[in-house]
Every structure is written in structure tokens, then in C-alpha cells.
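# Chains, contacts and geometry: an overview
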Amino acid sequence: MKAYGVNELRRMFLEFFESKGHLAMKSFSLVPHNDNSLLLINSGMAPLKPYFTGQEIPPRRRVTTCQKCIRTGDIENIGKTARHGTFFEMLGNFSFGDYFKHEAIAWSWEFLTQVVGLDPDRLYPSVYENDDEAFAIWQNEIGIAPERIFRFGKEDNFWEHGSGPCGPCSEIYYDRGEKYGCGKPGCTVGCDCDRYMEVWNNVFSQFDNDGHGNYSELKQKNIDTGMGLERLAVVVQDVDSIFDVDTICALRNLVCEISGKEYEKNYNDDVSIRLITDHIRSATFMISDGIMPTNEGRGYVLRRLIRRAARHGRLLGIEGTFLAKLSEEVINGSKAGYPELEEKKEFIFKVIVKEEEQFNKTIDQGLSILAQAVEEMEQKNEKVMSGEEAFRLYDTYGFPVDLTIEILEEKGFSINEEGFQKAAKEQKEKAKETMDIYAPIAQRLGISKIKIELDDLSLKYLEPDAYYDLVHQIAQRKSVRDEYVQKLVEEVRQHIKDAGIPAQVDGRAKHFFSIYKKMVNQHKTLDQIYDLFAIRIIVDSVKDCYAALGVIHEMYKPIPGRFKDYIAMPKQNMYQLSLIHISEPTRQEAISY
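Residues numbered from 1 in each chain as written. Predicted model: local features only at pLDDT ≥ 70, side-chain atom pairs only at ≥ 80, totals over all residues. Heavy atoms only, no water.

### So, the environment of Asn202
Definition in use: Secondary structure counts use DSSP, requiring at least four H or I residues in a row for a helix and at least two E residues in a row for a strand, with both numbered from the N terminus. For every residue, the accessible area (1.4 Å probe, protein chains only) is compared with the maximum for its type, and the residue is labelled buried under 20%, exposed over 50%, or partly exposed between those bounds. Every residue pair with non-hydrogen atoms within 4.5 Å of one another is taken to be in contact. Identification of polar contacts relies on pairs of N or O atoms within 3.5 Å, with a donor-acceptor requirement for protein atoms, meaning one able to donate a hydrogen and the other able to accept it, and with residues adjacent in sequence counted only if both atoms are side-chain atoms.
Examined against the element boundaries, Asn202 turns out to sit in strand β8 (residues 196-209). By relative accessible area, which is 0% here, Asn202 ends up buried. Separated by 24 residues in sequence, Asn202 and Gly226 place their C-alpha atoms 6.6 Å apart. Leave out the neighbours within four places in its chain, and Asn202 touches Ala104, Ile105, Ser108, Pro168, Cys169, Ser170, Asp224 and Thr225. Side chain to side chain, Asn202 and Ser108 meet in a polar contact 3.3 Å long. Engagement of the side chain of Asn202 in a polar contact is seen with the side chain of Trp200, the distance being 3.2 Å.

This is the structure:
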């Protein structure tokens, strides 16, 4: 058997199923489309749900994909073992009411034994305990002896992942040999050791799970195949783990080169090396799909991955920023299957460097204060950090609470999470008192609802976008002109000043109105002003995207087609989109103001 590389195996799989009449589709984005049940795409079939349920018509009844996936449910275990990873690629062949068990089983066996070249005597199928049909196909059509076919219960051989299509499955295990086994006399398929590795899973989608344990028969019977590309590479290349397959190993070795550490010499170093290797893969692909570091949702997942990787770089003795260099290796190793990585690499690097630099400013002071707190706890023989202390680290110094928890756990400590939540709630109530000053302004200006978000780190004053949201709603009214605008703006400015808003925010407001007035003096129409001003903010710099959302959303009614994309995307993504949608002459005119 040839030790095929990851990129070769991906190509071989897609080409094989194309030869069986399947349409090879490009991987879907990691951002779910019209699916609120998922934060990130976590399986090959997840983006295909509408086809399985019949909500949408598939481009062809037979489809094959290699889908990028992320699962972070066991993020705390990443690095601690060689089994766990957040990012993986899932090979899949799918039938939407076309072929079913007979073809799915036969083709899985053909690909593994005849195309890849795995030894048939080292392969063992399993079926759901009540699936006699699948058992008979394996025995009578494929020719597997009954004692080599294993029946397992729902926990092992009934596939479901939250709501959506599900059903019994038939897995194929590969015997990697005694060197990977536990040595126990009864070691066989289903053992928890690494000897028998599942490489293929044929899911026979017959039911739809509503997410509450209720199953209904699907209108059409479907096939959903899942085979982890990295897992297949582990078997084909006969290596210990996913961190040893060709493309990931190259990335792992680069981590070692940058840090000056040698893999498999020190357990703690190995944990950091594996964690960084895994997390930078996830981060690179997430950013390429338009996800930006934020403090909520999938953006927070990205931020946490980058910051965990950066911290473990410190533990390895790496100084300065280094993650963008690793991201470049990720791109070089994966661009054969995902050419968009090469196209977006400069943007990916900028996002990673910016986030890493911001974190480096935070982490030094935070780690020092946390170390002092741990020392005091040790002196007092305490094992639980007070919620107030943990919140002080977060509120005053911007040190992420999940990182505090992680570091304390490594040292055998914990935090009082209830106390932390209480302190956070008290601070929010104090911040609300600051917000109350804006209510009279809003009432006088006829604004019924003002969206006010608080700065995540300080919680002491309004963010610039909240301030702009108020000002934009004033400026966009057609009846508002020069003197009246200036009068209202001065009133707002005074209240901002009284509330202690930083001077730079006031400075941005002046800049806003200098541009506005210049455009008016040039006799631009109101629509032209809105157009140019929105573009001006977007292309200026990413920081000014705070203002862009308010401008576009409030000033366009109805919204022109090209700006609908901006409103649907996170604020930080507007700049990237503008590079695609805005012509260079228009950009230059906007920038000239």
C-alpha cells in the first residue's frame, strides 16, 4: 500500500465518486447558512441538511464533498492527547433519494481496498444491532465472514448530531496492529485503545430528529457518508496520530523550529506544540470564511483559539508574534484543496497579527497579576480564587476569564464562578446609570430606540459605534441642515463630554461633520453624500467600520443591493467586502474627503 498524502487522498476520493455519477462540490463555508442550530459547520452533512429534508432541491441526486469542519466541544483536551483536534476535513458521498445501502456499502469497500489499497483482512465492518439488511449485504454481497461483522447499539451505530437527518449506520474499522493495542486478551473492534480505528461511516438517513428526541420518517431515504480525511491519512501513512500525517506534521515541525523545542521529549512542551498546531489550522480556515475575532458567538471561538495558541507560544519560549508564519504553512499545505486560502492570505495574516498583538499587550500584565494572586492563595492555603478577583482581572486588565480558569486548572486551582457572575452583574448595573444620561437627548430628538453597547473591557462609557448610531440618526433626516445639525451636535457633544467620553471619540465626530459639510458645499445630492460617506468610512480603516454599519443601515431605505452584503456581515468584514464591490475611482473619490 502506498503512503498517499493528505492532498492525494482528498483528490482520489472526489474523483472516485465522480466516476460513480456524483457531482463534486466545493466545501461549504464554516459559517452555517440559514441554520441557527449550529455555531459552526461540524460535519460533512451539516450544510446539506436542506437537501436531506427536502426543503431545497440538490444540484444533483448524487453529491460528493470534502467539507471543512470545526468542533470545539472538547477544546480543553486539545494538545493533552494526540487524538483530539478542533479542525478536520470530512470526506463524504451523499445520495438524496437515489441509491441506498447496497451501493453505499459496495463503494466504500471498493474505494478502501481497490483504490487506496488497504488490506481487506484488516478491515472489519459494524452495523446497528437491528439492521439485518446491512448485515446481510456485508455477508452475502461483500463476502465478509459473519464473525468479522460486529453489531453495536444506538450509542455507537446510530448517527445523529443535534437536530436534522439521522439513522442507523455501518462503520468500517481498520486493524492497525498490535503495536497500537492495549495488550488486553479481549482487545477487538470497539476497544477504547488505538488499535482498531474507524475510518468510514455509512449513515443510512431514514429519520429526521426535531432536536427533542422525536423522530419522523424522511420522505426519501438518503445516504450520508463520513470519513475523516486526517484519520484515513493516519492509517494509510501508518503513523501514530493526526499530528504525524504529512501536512500537519510539516506544521508541527515548524512550531518546533520556531520554539527551538523537540517533539516527544517533554510532555508539557508536546501539549503546547499540538495545541498550537491544531488551533492555527482552525483560525486560518475560519478567517478565510469571513469570521473575525469578537467577544461573542463564532467570533469568540476564533478569538479564543488564537489567544490560546499565542499563550502556549509563550510557554514554549517564543517571543513576539509568530502565528502568521504558521498560518502561511497551513495555507501552503492546504491550498491544493482550498485555493481561496492563497487568494486571501494577506488578509488572514493581518487579522492574526492584529489579534496576537492585542493579546500580547494584555497577557503580560494579566499573567503577572494572576501569578501574584496564585502566590497569595498558596500562602493562605486556598484553592478557589474569589469571583471579585477574577472579574478585576477581566474588567480592569482585559484578561479573558476562560484563560484565567485554564491557567488556574493547570495549577490545581479554580475560580468562584458564581462570584464572578455577581461582580459582572453589579458592574453592568453601574454602567446603566451612566447610560441614563442619554435618555433625555433621545426623547428631544424624537429617537425612540437607541442601541447602546458597552465596551467589553472597561464598561465605563459608550463605544464609538453607539455614539455614531445616535449622531447618524440625526444627520440622516432630510429636514436637518447646517445650523440645526450643528446645534444638535453641540448639545450631544456636551452631554458626551459631561459623561466622560474620551476625547478621541469627540474628535471623530468633528471629522464626521467636516466631511459631511464639504460634500454639501460641493452640491452633492443627499444620495451621493450617503454613498460616498459610507464608502469613505469603510475604506478608511478597519477601526472606522464601527461607524459604517450605522451609516449604511440608517441612511439607505430601501437599501441598494450591493450594500445588503455589508449589513449582513460583521462590522469588521465590511472592509474586506469593500475591496470586492467598490470600484477604484469611486474609492479614490471617497478617500479624497
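Moving on from the model shown.
### Some words on the pattern of salt bridges
Quick reminder of the rule: What makes a salt bridge here is a side-chain nitrogen of Lys or Arg within 4 Å of a carboxyl oxygen of Asp or Glu, nothing more.
Here the structure, examined in full by the defined rule, presents 27 salt bridges. A salt bridge links Glu133 to Lys101; the nearest nitrogen and oxygen atoms lie 3.3 Å apart. With Glu133 in helix α4 (residues 132-142) and Lys101 in helix α3 (residues 101-116), this pair connects stretches of sequence that are 32 residues apart. By relative accessible area, which is 4% here, Lys101 ends up buried. When the shortest N-O distance is used, the salt bridge between Asp244 and Arg252 registers 2.6 Å. Residue Asp244 is classed as buried on the basis of its relative accessible area of 17%. Three or more residues are tied together by salt bridges with common partners; here these are Lys26, Lys68, Asp289 and Glu340.

### Let's talk about the nonpolar core
Defined as follows: By convention a nonpolar core is built from buried Ala, Val, Leu, Ile, Met, Phe, Trp, Tyr and Cys residues, the set being connected through side-chain atoms within 4.5 Å.
Residues Leu9, Phe111, Leu112, Trp200, Met286, Leu323 and Leu326 are the most contacted members of the largest nonpolar core, which totals 108 residues. Top element by residues in this core is helix α12 (residues 345-379). It accounts for 12 residues. Setting aside residues no more than four positions away along its own chain, Leu326 makes contact with Leu251, Leu254, Val255, Ile258, Ile276 and Ile280. Counting residues in each nonpolar core, the second largest holds 11 residues, with Met45, Phe52, Phe96 and Val203 among its members.

### A short note on α4
Selection rule: In this description, one arc is meant: the one made by directions from the helix axis to the C-beta atoms.
For α4, the set of buried residues is Ala134, Phe135, Ile137 and Trp138. Considered in projection along α4, the buried side chains sweep an arc of 160° and stay on one side of the axis. Check the buried side of α4 and you find it contacts α3, β4 (123-128), β5 (150-152), β7 (164-175) and β8.

### Describing the environment of Gly181
Relative to the assigned elements, Gly181 resides in the loop between β7 and β8. For Gly181, the contacting residues outside a window of four places in its chain are Cys193 and Arg195.

### Brief notes about the pairing of strand β2 (residues 62-70)
Put simply, the rule reads: At least two bridges found by DSSP between two strands is the condition for calling them paired.
Of all 9 residues in β2, 8 are buried, a share of seventy percent or more. Both strand β1 (residues 23-25) and β2 contribute to a ladder of 3 bridges, which runs parallel. When the bridges of β2 are listed, Met25 appears paired with Thr65. Examined bridge by bridge, β2 and strand β3 (residues 87-96) share 9 bridges and lie antiparallel to one another. Bridge pairing in β3 places Lys68 opposite Glu89.

### So, the packing of aromatic side chains
Just so we agree on the cut-off: Pairs were defined over the aromatic rings of Phe, Tyr and Trp, the Trp ring being its six-membered one, requiring ring centres within 6.5 Å. Orientation was assigned from the angle between planes: stacked under 30 degrees, edge-to-face over 60, tilted for the rest.
Scanning the model with the defined rule gives 23 aromatic pairs in all. Summarising the aromatic geometry, the rings of Phe13 and Phe17 are spaced 4.9 Å apart at their centres and angled 50° between planes, so their arrangement reads as tilted. You can see Phe13 and its partner Phe17 sitting in helix α1 (residues 6-18), 4 residues apart, about one turn around the helix. Judged on exposure class, the residue Phe13 and its partner Phe17 are both buried. Between Phe87 and Phe285, the aromatic rings sit 4.3 Å apart at their centres with planes inclined by 20°, giving stacked as the arrangement. Here the residue Phe87 occupies a position in strand β3, and Phe285 occupies one in helix α8 (residues 267-288), the gap between them amounting to 198 residues.

### Regarding unusual backbone geometry
Of note, Asp238 is a non-glycine position whose phi angle comes to about 55°, a positive value. Take Asp238: it is sitting in the loop between α6 (229-237) and α7 (246-259). Even without glycine at this site, Asn381 takes up a positive phi of about 60°. Within the fold, Asn381 resides in the loop between α12 and β10 (384-385). The exposure class of Asn381 is exposed, given its relative accessible area of 67%.

### Some remarks on the side chain of His22
With respect to the secondary-structure elements, His22 resides in the loop between α1 and β1. Judged by relative accessible area, His22 falls into the buried class, the value being 2%. A distance of 2.7 Å separates the side chain of His22 from the side chain of Tyr99, its partner in a polar contact.

### Some words on empty space enclosed by the protein
We count it as follows: Think of a 1 Å grid over just the protein atoms. A cavity is a set of points where a 1.4 Å probe fits yet cannot get out, a pocket is an open set with protein on both sides within 12 Å along at least five of seven lines, and lining residues have an atom within 4 Å of a point. Grid points are joined across faces, edges and corners, and a volume is the space filled by probe spheres set on the points. Three categories are distinguished: nonpolar for Ala, Val, Leu, Ile, Met, Phe, Trp, Tyr, Cys and Pro, charged for Asp, Glu, Lys and Arg, and polar for the others, with Gly belonging to the last.
The final tally for this structure, using the stated rule, is 4 cavities of 30 Å³ or more. Size it by volume and the largest cavity reaches roughly 100 Å³. Lining the largest cavity, in full, are Val6, Asn7, Arg10, Glu89, Thr247, Ile248, Leu251, Arg281, Glu329, Val330, Gly333 and Ser334. When contributions to the lining of the largest cavity are tallied by element, the ones reaching two or more residues are α1, α7 and α10 (323-334). The element contributing the most residues to the lining of the largest cavity is α10, with 4 residues. Here the lining of the largest cavity is composed, by residue class, of 4 nonpolar, 4 polar and 4 charged.

### Remarks on the packing of α8 against helix α9 (residues 297-315)
So the rule is basically this: The axes are straight lines fitted to the C-alpha atoms, using for helices just the contacting stretch, and the angles between their N-to-C directions are given from 0 to 180°. By convention, the crossing between two helices is left-handed when the near helix turns anticlockwise from the far helix through less than a right angle, and right-handed when the turn is clockwise.
Between α8 and α9, the shortest axis-to-axis distance is 9 Å and the interhelical angle comes to 145°. Where α8 crosses over α9, the two elements pack in a sense that is left-handed. Note on element contacts: α9 touches α8 through Arg298, Val301, Leu302, Leu305, Ile306, Arg308, Ala309, His312, Gly313 and Leu315, opposite Val271, Ser272, Leu275, Ile276, His279, Ser282, Ala283, Met286 and Ile287. Class assignment of the residues belonging to the contact of α8 with α9 gives a composition of 12 nonpolar, 5 polar and 2 charged.

Function cannot be inferred from these measures alone, as they are strictly geometric.
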